[in-house]
Amino acid sequence: MLLRRATPLAGLLVALVVSPQQPSWSRSEITEILSRYAAGDYSGAIKIIESVDQLRLGKSVSDQLSPPDDAFIDWQHATKDWIRLGTAPTGRPRELIAATVALEVVRAHPELAPYRSLSFLTWACQIVRDHPKGSEAERLWYLTSIAVIQESSLVGLLPAKREDTSVRLTRSPDDRAEVLTGHVTHAIRAFPDEARFRLAEVLARAALTSVAAFSGARNWMDANELPMKHPPSNSDQARLLDERLALLPAIEQDLEALARNEQLRAEVELNLGHLSARQQRWDQALAHLDRVVPSTHDVFLMCLSHYLRGWVLQRMNRRDDAIAAYRLALERAPNARSFSTMLADQLAQAGRQREAYDVLSSGLKTSAAATDARTMTVPVGRGRAGPVLLNHPSDPWDQFQHGDARLIPTYLTQLREALR
Amino acid sequence: MRSSQLGRALLWAIIAMAVTPGVSARQTTFRAFADLVSVDVSVKNGRVPVPGLKTSDFEVLDNGVPQQLEAVSIEAVPIDVTLLVDLSGSVVPNVSAFKADVEKFVTLLRPTDRVRIVSFSTDVNEDVPMQAPSAALRPNWTNVNGMTSLNDGVLFALLWPETTDRRHLIIAFTDGMDTYSTARNESIPAVAGRVEAVLHAVLVEPPGPMPDRYKDSVDALREAVRLTGGETHRVSRAVDDFTQIVADFRASYMLRYAPKGVDRAGWHALTVRLNRPGNFTIRSRQGYSGG
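Residues numbered from 1 in each chain as written. Chains lettered and ligands numbered in written order. Predicted model: local features only at pLDDT ≥ 70, side-chain atom pairs only at ≥ 80, totals over all residues. Heavy atoms only, no water.

### Some thoughts on the overall build of chain B
Using the following cut-off: Each helix corresponds to a stretch of at least 4 residues labelled H or I by DSSP, and each strand to a stretch of at least 2 residues labelled E; elements are numbered beginning at the N terminus. Relative accessibility under 20% of the residue-type maximum defines a buried residue, over 50% an exposed one, and the middle range a partly exposed one, all with a 1.4 Å probe and only protein chains included. Contact between two residues is taken to exist if any of their heavy atoms lie within 4.5 Å; hydrogens are not considered. For every accessible area listed, the method is Shrake-Rupley and the probe measures 1.4 Å; residues are considered covered only by the protein chains on display.
A tally of helices and strands in chain B yields six helices and 15 strands. Burial analysis of chain B (291 residues in total) assigns 55% to the buried set. Residue pairs in contact within chain B that sit at least 24 positions apart in sequence constitute 82% of those at least 6 positions apart. Split by element, the accessible area of chain B, about 12300 Å² in all, is 52% carbon and sulfur.

Take a look at the structure:
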């Protein structure tokens, strides 16, 4: 009887001895990723990165307060060894390749808790700064990294900031320094003549003035309109928001200065129009938005200017003009759910119900079909997590909230070419 | 044309359509002014619908001006039902059980009715297009998750093209907390006030206190319900809730009149009263736009 009782326990002990805890992802796996990427096998490298599932690479979304995990430590060691091997077979510096792969890791795993992504980004930025080349590849790396940050939930990483809650949540001195300095500050220091970095910095500051998180609504314009409909009741949050909103005049001034740059003018006027509309300065908003179309051939900027004009005109109760503006926006971006919904809304309120139904029906079908399959896991109701679509890439209004994220495929292509 | 002449003309028009082969009342267009205004009216004594009311029992004021009514037999007018379901995860804890409830509800509708099932979470989907009810109708729901595009879903439901030979009932099943729509909260009652559909909302209580920032969308939904003459209900069991709403809707009255003595353009506030004593609750749409 004693033997029968002891047998299961013995089995357990044996199992523990012969099956030690597995590393989160192996160093040889990391080396293979880097080597494939350096050799131009991007899809092969990314396939391996994507296969490193959440349990191996990180823990739950809520687990952001734990110290750096094995996955990141393995990454640091493996990349250090790989870089030490010398120049890549293509002749390009391995540091920049490794830094680019770090961006791919962040993109491939949107489910990573923000402060885990931050570790990879901080590491990558440090390694690029430690080996500055001033090359086109380096400039493209900064452009891409900024866009990746804008795509993620880490947009607050871009501008310099003072000590606040987010800084206190960082897990290492390096991460903390990166957050305080602001990633885009490093880009500007490395390439002071690159106007897009200056624009990114201003827009990152503008993003910090967003009050949408307090509204609970997706309709970004309603949610972000000032003065706020539902100011936070928490006094610390209210104070923080007041401090950030007080920065708006300086942000607008900096944007006005950037509007003199011919290449940036359309985008800057669009953002100035947006900020004016947020503050219910309708005439001023229209003046800015009217300058966008004549200044660009970029369909993205043009359709957004029509959309924002529609919003402003709607708020001015100029319904027919709003309908015309929304129509122009929808013509340029037929899959944009925001555009079709707002147009349908105005048509319905104009008594054109059938027309409204046709627009909305068609819009909902086409936008659902075009939805991006990239997901991240977030808590959804009653504490349960579920996959949530990051955005609808066919909707320019969604993309507007994410800066240069829409340009990531272009930047990555150019960066990879520069690294070959 | 004087009102008595207009009334006789309308009567002959209706008779002519009834006896003319191949032409049914369905093909007559009734719209405001050139035609007739339709008002769905629910009359209850407590929670029980009041049966057997006649045209003469009702008084309808259009912008304060009494109107001459023509009632249509409610039994003869089939119903289009739009079931609008919140699948965002915070509302439906068990999608399989809820799906079974919905499928059962569909089988309880009449053959002359039609049903459409629209769900929303991050997206708004017409899972089952408007069609005759059958046991084979099954929404393809496998899980619940995502954000809540309530306003967009309600807008889509409200805009269903109206026809004069059918009544449109919308049943929304949701907790009312919109987190993802493009349509503004203000738009929902604004559009609801312009359509002939009747909107009912079955509201699921959130697990904890509702944050202030979500109350606007709940309030907008409630206002839209009120403007269409519908009701807001607290959920018990989905199939029972839906079935009761349809039964009450069938027991309501459809009043029609050709507007007289009022300007065409602009908003027309409607007042519906009963010409008999009693403690009744009367619900109807609050008005319409004359264009």
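Now that the structure has been shown, the text picks up again.
### Quick notes on the overall build of chain A
Counting its regular elements, chain A contains 23 helices and two strands. In chain A, of all internal contacts separated by at least 6 residues, the share reaching a separation of at least 24 is 64%. Of the accessible surface of chain A, which amounts to about 19000 Å², a share of 54% is contributed by carbon and sulfur atoms.

### Topic: the packing of aromatic side chains
Put simply, the rule reads: When two rings of Phe, Tyr or Trp (its six-membered ring) have centres within 6.5 Å they constitute a pair, described as stacked for plane angles under 30 degrees, edge-to-face for angles over 60, and tilted for the intermediate range. Note on geometry: a ring has a charge over it if NZ (lysine) or CZ (arginine) is within 6 Å of the ring centre and within 35 degrees of the ring normal.
In this structure the tally under the stated criterion is 20 aromatic pairs over all chains. Note on Phe98(B) and Trp141(B): the rings are 5.9 Å apart at their centroids and 25° apart in plane angle, and the pair reads as stacked. With a gap of 43 residues between them, Phe98(B) in helix α2 (residues 95-107) and Trp141(B) in the loop between β8 (124-131) and α3 (150-158) connect regions that are remote in the sequence. Of the two residues examined, Phe98(B) and Trp141(B), each falls in the buried class. One aromatic cluster in this structure is built from Tyr307(A), Tyr326(A), Phe339(A), Trp397(A) and Phe400(A). Note that Arg416(A) overlies the ring of Tyr42(A), its terminal NZ or CZ placed 4.5 Å from the centroid. One residue, Arg116(B), lies across the ring of Phe156(B), its end atom 5.0 Å from the ring centre.

### Details of the pattern of salt bridges
Residues and elements named next belong to chain B. For clarity, the cut-off: We define a salt bridge as a contact between a side-chain nitrogen of Lys or Arg and a carboxyl oxygen of Asp or Glu at a distance within 4 Å.
Applying the stated criterion to the full structure yields 41 salt bridges over all chains. Between Asp248 and Lys44 there is a salt bridge, with the nearest N and O atoms lying 2.7 Å from each other. Within this pair, whereas Asp248 is found in helix α6 (residues 238-250), its partner Lys44 is found in strand β1 (residues 37-45), the two being separated by 204 residues in sequence. Relative accessible area serves as the criterion here: at 12%, Asp248 is assigned to the buried category. For Asp80, the salt bridge is made with Arg114, and the minimal N-O distance between the two is 2.8 Å. A residue pair is termed long-range when its members are at least 10 positions apart, and Asp80 in strand β6 (residues 79-86) and Arg114 in strand β7 (residues 114-120) qualify at 34 residues. The structure contains a network of salt bridges with shared partners spanning Lys44, Glu231, Asp248 and Arg283.

### Overview of the packing of helix α2 (residues 27-38) of chain A against helix α3 (residues 42-51) of chain A
Residues and elements named next belong to chain A. We apply this condition: Axis lines are fitted through C-alpha atoms, for helices just across the contact stretch, and the angle between N-to-C directions can take any value from 0 to 180 degrees. Orientation is classified from the angle alone, with under 35 degrees giving roughly parallel, over 145 giving roughly antiparallel, 65 to 115 giving roughly perpendicular, and any other angle giving oblique. Helix crossings are classified by the rotation of the near helix relative to the far one: an anticlockwise turn of less than a right angle makes the crossing left-handed, while a clockwise turn makes it right-handed.
Here α2 crosses α3 at 155°, and the two axes come no closer than 7 Å. Judged by the angle between their axes, α2 and α3 are roughly antiparallel. The way α2 lies across α3 gives a crossing that is left-handed. Contacts between α2 and α3 involve Glu29, Glu32, Ile33, Arg36 and Tyr37 from the first element and Tyr42, Gly44, Ala45, Ile48 and Ile49 from the second.

### Some points on the sheet that holds strand β9 (residues 167-174) of chain B
Residues and elements named next belong to chain B. We count it as follows: Between any two strands, pairing holds if DSSP finds at least two bridges.
In space, the six strands of this open sheet follow the order β8-β7-β6-β9-β10-β11, with mixed pairing throughout. With partners counted over all chains shown, the strands left at the sheet margins are β8 and β11 (232-234), one partner each. For this sheet, the mean angle separating the axes of adjacent strands, direction not counted, is 15°. The pairing of β9 with strand β10 (residues 198-203) spans six bridges and is classified as parallel. When the sheet's bridge partners are listed, Ile170 is paired in β10 with Leu199.

### Quick look at the environment of Val155(A)
Residues and elements named next belong to chain A. Following the sequence through the fold, Val155 ends up in the loop between α8 (136-151) and α9 (165-168). Residue classification places Val155 among the partly exposed positions, given a relative accessible area of 28%. Sequence separation between Val155 and Gly403 is 248 residues; the distance between their C-alpha atoms is 9.3 Å. Among all residues touching Val155, those that are not within four sequence positions of it are Ile149, Gln150 and Ala204.

### Some words on the nonpolar core
So the rule is basically this: We call a set of buried residues a nonpolar core when its members are Ala, Val, Leu, Ile, Met, Phe, Trp, Tyr or Cys and they connect through side-chain atoms within 4.5 Å of each other.
Membership of the largest hydrophobic core comes to 66 residues, with the highest contact counts inside it found for Leu270(A), Val312(A), Phe339(A), Trp397(A), Val154(B), Leu159(B) and Leu199(B). In terms of residue count, helix α18 (residues 299-315) of chain A provides more of this core than any other element does, nine residues in total. Discounting residues that sit within four places of it in the chain, Val154(B) has contacts with Leu84(B), Ile188(B), Leu199(B) and Leu221(B).

### Re the confidence of the model for chain A
How we decide: Think of pLDDT as the predictor's per-residue confidence, scored from 0 to 100.
For chain A, the average pLDDT comes to 82, and 79% of its residues sit at 70 or higher. Long-range and interchain partners of residues 60-65 of chain A, a stretch whose pLDDT sits below 50, account for 13 contacts in this model, where long-range means more than four residues apart.

### Let's talk about the sheet that holds strand β13 (residues 267-274) of chain B
All names here are of chain B. Read from one edge of the open sheet, four strands run β4-β3-β13-β15, paired in antiparallel fashion. The sheet is open, and its two edges are formed by β4 (65-66) and β15 (287-289), each paired on a single side. Pairing analysis gives two bridges linking strand β3 (residues 58-62) to β4, with the strands arranged antiparallel. Looking at β4, one finds that Asp62 is bridged to Val65.

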